[in-house]
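Residues per chain are reported as follows:
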Amino acid sequence: MRSFWLAVLLLSAAQPAKAHSFVGGAGYYDQFTEGAAVILSYPAIFIPLGALALLVCLWDRDGLPRILPTFFASQIVGIFVASFFGELAILFLMTVGVITAVLGALQTKLPNTTVFLMTALTGSGALCAALEGHALFELPPFIYVGLFFACSLVVMVCAGLAKVILDKFTFGWVRTGLRVMSSWIGAILVFMMAFEISVLVG
């Protein structure tokens, strides 16, 4: 029930996915903050990143440094393939987010390859969604830096918080609580996907 109301709150403020109209200010700082703001202000992008952070921490609470090289590389790949996805980029990312959240909620003994695969798909999907509607290298360079920084920040901060919680509170129900949170994220993304599909079809 809580996940339902969380989804309602997010959907009440949701807007159809569309190309982000980057202004591309003259200063490097303006370009950087503009890129970062897209990630940090767009739930359809930062929620799947949060799902990945939970999955990684539930898989291995010290696993963040292990997946970061893959995550960084996948974002670079996302920059190069973004122009091929079009309007499907955001649906791709949310689908990956749902799968990631379900894996985190179930938390059976996951193979390393599964976690690294979800890391790669999330990283590339996030950049594809953020760059939807833009050709390769159409934007000023520091916008890409801002996107890269914000994606990495969301994953590192969320995974770090989850690790601190697991380290500080060793009760079994704490880990269960993180798994429940992952299931909520999955439910929220399903609602958001339904909304997005209805907009595209309508």
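Only a predicted model underlies this, so the values are computations on that prediction, with no experimental measurement involved.

> Teacher, can you tell me more about the packing of aromatic side chains here?
The geometry of an aromatic ring pair comes down to the distance between the two centres and the angle between the two planes. Summed over the entire model, instances satisfying the criterion amount to eight aromatic pairs. When the ring of Phe72 is compared with that of Phe148, the centres are 5.4 Å apart and the planes differ by 35°; the resulting orientation is tilted. Here Phe72, found in helix H4 (residues 64-85), pairs with Phe148, found in helix H7 (residues 141-168); they are 76 residues apart in sequence, far enough to count as distant. With a relative accessible area of 29%, Phe72 lands in the partly exposed category.

> Can you help me understand the pattern of salt bridges in this one?
Should the charged atoms of two oppositely charged side chains come close, the side chains can pair. Scanning the entire structure with this criterion turns up four salt bridges. Its salt-bridge partner being Arg66, residue Asp60 comes within 3.0 Å of it at the nearest N-O pair. For Asp60, a relative accessible area of 22% gives the class partly exposed. What you see here is one network of salt bridges that share partners, running through Arg61, Asp62, Lys163 and Asp167.

> Could you clarify how one ought to interpret the packing of H4 against helix H6 (residues 112-130) in this entry?
Working note: a packed helix pair is described by the angle between its axes plus the distance between those axes. At a minimum axis separation of 6 Å, H4 and H6 run at an interaxial angle of 40°. Taken as axis vectors, H4 and H6 run oblique relative to one another. In this structure, H4 meets H6 at a crossing whose hand is right-handed. On H6, the residues touching Arg66, Ile67, Thr70, Phe71, Ser74, Gln75, Gly78, Ile79, Val81, Ala82 and Phe85 of H4 are Asn112, Val115, Phe116, Thr119, Ala120, Gly123, Ser124, Leu127 and Cys128.

> It is not clear to me how the confidence of the model for the protein should be interpreted in this structure. Could you clarify?
Low-pLDDT stretches of the model should not have their predicted coordinates read in fine detail. On average, residues of the protein score 87 in pLDDT, and 87% of them reach the 70 mark or higher. Note that residues 1-19 has pLDDT below 50 and, in this model, 30 contacts with residues that lie over four places away or in other chains.

> Help me out: how do you make sense of unusual backbone geometry in this one?
In this model, Phe137 sits at a positive phi of 60°, which is unusual for a non-glycine residue. Along the chain, the position of Phe137 falls in the loop between H6 and H7.

> Before we go on, may I ask you to explain the layout of surface pockets in this structure?
Here the idea is plain: a probe the size of a water molecule rolls over the atoms and shows the empty space left. Of the voids in this model, the second largest pocket is the one considered here, and its volume is about 200 Å³. It is H7 that provides the largest number of residues to the lining of the second largest pocket, a total of five residues. Across the lining of the second largest pocket, the residue classes tally to eleven nonpolar, one polar and no charged.

> Looking at this model, I keep getting lost on empty space enclosed by the protein. Mind explaining?
Here the structure, examined in full by the defined rule, presents one cavity of 30 Å³ or more. Empty space within the largest cavity amounts to approximately 30 Å³. The element that contributes the greatest number of residues to the lining of the largest cavity is H4, accounting for three residues. The residue makeup of the lining of the largest cavity, split by class, is seven nonpolar, two polar and no charged.

> Mind showing me how you'd approach H6 here?
Along an α-helix, residues three or four positions apart point the same way, because every turn accommodates 3.6 residues. The terminal C-alpha atoms of H6, which comprises 19 residues, lie 27 Å apart, in line with the 27 Å expected from a rise of 1.5 Å per residue. Those residues of H6 that sit buried are Val115, Met118, Thr119, Thr122, Gly123, Ser124, Gly125, Ala126, Leu127, Cys128, Ala129 and Ala130. On its buried face, H6 sits against helix H2 (28-41), helix H3 (43-59), H4, helix H5 (88-106) and H7.

> Any chance you could explain the nonpolar core here in plain terms?
Within soluble globular proteins, side chains that are nonpolar generally end up buried alongside one another. If you look at the biggest cluster of nonpolar residues, it comprises 59 residues, and the most contacted ones within it are Ile39, Ile45, Leu49, Ile67, Met94, Leu131 and Leu147. Here the element with the most residues in this core is H3; it accounts for 13 residues. Look past the residues within four positions of Ile39 in its chain and what remains in contact with it is Ile45, Phe46, Leu49, Ala130, Leu147, Ala150, Cys151 and Val154.

The rules we used
Residues numbered from 1 in each chain as written. Predicted model: local features only at pLDDT ≥ 70, side-chain atom pairs only at ≥ 80, totals over all residues. Heavy atoms only, no water. Phe/Tyr/Trp six-rings, centres within 6.5 Å; stacked < 30°, edge-to-face > 60°. Helix = DSSP H or I, 4+ residues; strand = E, 2+ residues; numbered from the N terminus. Buried < 20%, exposed > 50% of the residue type's maximum accessible area, 1.4 Å probe, protein only. Salt bridge = Lys/Arg side-chain N within 4 Å of Asp/Glu carboxyl O. Axes fitted to C-alpha atoms, helices over the stretch in contact; angles between N-to-C directions. Parallel < 35°, antiparallel > 145°, perpendicular 65-115°, else oblique. Left-handed = near helix turned anticlockwise from the far one by under 90°. Contact = heavy atoms within 4.5 Å. pLDDT = per-residue confidence, 0-100. 1 Å grid on protein atoms, 1.4 Å probe; cavity = no way out; pocket = protein on both sides within 12 Å on 5 of 7 lines; lining within 4 Å. Points joined across faces, edges and corners; volume = space filled by probe spheres on them. Nonpolar A, V, L, I, M, F, W, Y, C, P; charged D, E, K, R; others polar. Expected span 1.5 Å × (residues − 1). Core = buried A, V, L, I, M, F, W, Y, C linked by side-chain atoms within 4.5 Å.

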